[in-house]
Amino acid sequence: ETGVTQSPTHLIKTRGQQVTLRCSSQSGHNTVSWYQQALGQGPQFIFQYYREEENGRGNFPPRFSGLQFPNYSSELNVNALELDDSALYLCASAVGTNTEAFFGQGTRLTVV
Amino acid sequence: SQQGEEDPQALSIQEGENATMNCSYKTSINNLQWYRQNSGRGLVHLILIRSNEREKHSGRLRVTLDTSKKSSSLLITASRAADTASYFCATDARNQGGKLIFGQGTELSVKP
């Protein structure tokens, strides 16, 4: 177990709806990153938060947004869901940057 | 697009044999990390190797890094059925703020 917990584990949403995914980082970790993993693919970087500030963003549209809270937990919000948003969403926490990143078990999102 | 490319895409071996997976990447890196993923769940961190290191060991795992060839390899010795999983390399590229860029992964099957 990495100490990184994500909720919920599974979620089914309808196209056009909004979703919020949550991540509790490992104790002592101040960096949280979010990744999207489509079936059969490697994870793709969405964005990273370091000490509550966004610290880099991948090629995802603005309807993907996030927050990091003072306790370093984080949320990923996705608006106007599309069928292609169906994927495993992974959260990773780390101490600073350029160090080992530890992943949670992921949230499986299905958009119908 | 993915920076890392794993080779082979799939590998099937017998228990007790060694498994070697390779990873190539394109840009300068701070470090390279190897992960294991079982059945589409969370990623388990295996090893981080920094750009100034050439080889690291952890139990039955041996990782090498050749920055001149922009490649890395993961060797699992005396494989077990429990090693069956997908293996990913992820590069922490220079000047990318700690985001990890993953390859497509190698699917390893170890037959008892």
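Residues numbered from 1 in each chain as written. Chains lettered and ligands numbered in written order. Predicted model: local features only at pLDDT ≥ 70, side-chain atom pairs only at ≥ 80, totals over all residues. Heavy atoms only, no water.

1. Quick notes on the overall build of chain B
For clarity, the cut-off: Numbering goes from the N terminus for both helices and strands, where a helix is a DSSP run of H or I of at least four residues and a strand is a run of E of at least two. Radius of gyration means the value over C-alpha atoms here, while the globule rule gives 2.2 Å times the residue count to the 0.38 power. Exposure is judged per residue with a 1.4 Å probe applied to protein chains only, and the accessible area is read against the type maximum: over 50% gives exposed, under 20% gives buried, and values in between give partly exposed. Working rule for contacts: check all heavy atoms of both residues, and any pair within 4.5 Å makes them a contact. Exposure was quantified through the Shrake-Rupley algorithm and a 1.4 Å probe, taking into account, for residues, occlusion by the shown protein chains and nothing else. Positive: Lys, Arg. Negative: Asp, Glu. His and the chain ends are not part of the count. Note on charges: their place is set at NZ of Lys, CZ of Arg, CG of Asp or CD of Glu.
Along chain B, the regular secondary structure elements total zero helices and 11 strands. Against the compact-globule benchmark of 13 Å for 112 residues, chain B has a radius of gyration of 13 Å, which places it among compact chains. Principal axes of the C-alpha set define a box for chain B whose edges measure 45 × 25 × 20 Å. Counting all 112 residues of chain B, 47% fall into the buried class. Once local pairs closer than 6 in sequence are excluded, the contacts in chain B between residues at least 24 apart make up 55%. Taken as a whole, chain B presents about 5,100 Å² of accessible surface, with 43% of it coming from carbon and sulfur. Positive and negative side-chain charges of chain B, numbering 14 and 11 respectively, have mean locations separated by a distance of 6 Å.

2. Overview of the state of the cysteines
How we decide: Throughout, disulfides are identified as pairs of cysteine sulfur atoms within 2.5 Å of each other.
Tallying each qualifying case throughout the model produces two disulfides over all chains. Across the disulfide, Cys23(A) is cross-linked to Cys91(A) (sulfur-sulfur distance 1.7 Å). Because the sign of the S-S torsion sets the handedness, a value of about -55 degrees for the bond joining Cys23(A) and Cys91(A) places this disulfide among the left-handed ones. Placement of Cys23(A) in strand 3 (residues 19-24) and of Cys91(A) in strand 9 (residues 87-94) is noted, with a sequence separation of 68 residues between them. Relative accessible area serves as the criterion here: at 2%, Cys23(A) is assigned to the buried category. Between the sulfur atoms of Cys23(B) and its disulfide partner Cys89(B) the distance amounts to 2.0 Å. Measuring handedness by torsion sign, the sulfur bridge of Cys23(B) and Cys89(B) sits at about 65 degrees and is right-handed. Of the two residues, Cys23(B) is situated in strand 3 (residues 19-24) and Cys89(B) in strand 9 (residues 85-93); the sequence distance between them amounts to 66 residues.

3. Some thoughts on the layout of surface pockets
Using a probe with the size of a water molecule, rolled over the atoms, empty space left in the structure can be pinpointed. Applied cut-off: Definitions used for this entry: grid spacing 1 Å over protein atoms alone; cavity, a set of points where a 1.4 Å probe fits but cannot get out; pocket, an open set with protein on both sides within 12 Å along at least 5 of 7 lines; lining residue, one with an atom within 4 Å of a point. Grid points are joined across faces, edges and corners, and a volume is the space filled by probe spheres set on the points. Under the scheme applied here, ten amino acids are nonpolar (Ala, Val, Leu, Ile, Met, Phe, Trp, Tyr, Cys and Pro), four are charged (Asp, Glu, Lys and Arg), and all others, including Gly, are polar.
Taken as a whole, the largest pocket holds about 290 Å³ of empty space. Taken together, 16 residues make up the lining of the largest pocket; nearest its centre are Gln37(A), Gly40(A), Gln41(A), Ser86(B) and Phe88(B). Breaking the lining of the largest pocket down by element, the ones donating at least two residues are strand 9 and strand 11 (106-111) of chain B. Grouping the amino acids of the lining of the largest pocket by side-chain chemistry returns four nonpolar, 10 polar and two charged.

4. Section: the packing of aromatic side chains
The condition that has to hold: Whether two aromatic rings pair depends on their centres lying within 6.5 Å, for rings of Phe, Tyr and Trp, where Trp uses its six-membered ring; planes under 30 degrees apart make the pair stacked, over 60 edge-to-face, and the rest tilted.
Evaluation of the coordinates by the stated rule reveals nine aromatic pairs over all chains. An angle of 85 degrees between the planes, with centres 5.7 Å apart, marks the rings of Tyr35(A) and Phe102(B) as edge-to-face. You can see Tyr35(A) sitting in strand 4 (residues 31-37) and its partner Phe102(B) sitting in strand 10 (residues 100-102), one on each of two chains. On the accessibility criterion, Phe102(B) (0% relative accessible area) is buried. For the ring pair Phe103(A) and Phe102(B), a centre distance of 6.1 Å and an interplane angle of 75 degrees mean the geometry is edge-to-face. On the criterion of chain membership, the pair formed by Phe103(A) in strand 10 (residues 102-103) and Phe102(B) in strand 10 is interchain, its members lying in two chains. This pair shows no difference in class: Phe103(A) is buried, exactly as Phe102(B) is. Pairwise contacts between aromatic rings join Tyr35(A), Phe45(A), Phe103(A), Tyr35(B), Phe88(B) and Phe102(B) into one cluster.

5. Re empty space enclosed by the protein
All names here are of chain A. In total, this model carries one cavity of 30 Å³ or more according to the counting rule given. By volume, the largest cavity is sized at about 80 Å³. Mapped by element, the contributors of at least two residues to the lining of the largest cavity are strand 4 and strand 9. Tallied by class, the residues present in the lining of the largest cavity amount to five nonpolar, nine polar and no charged.

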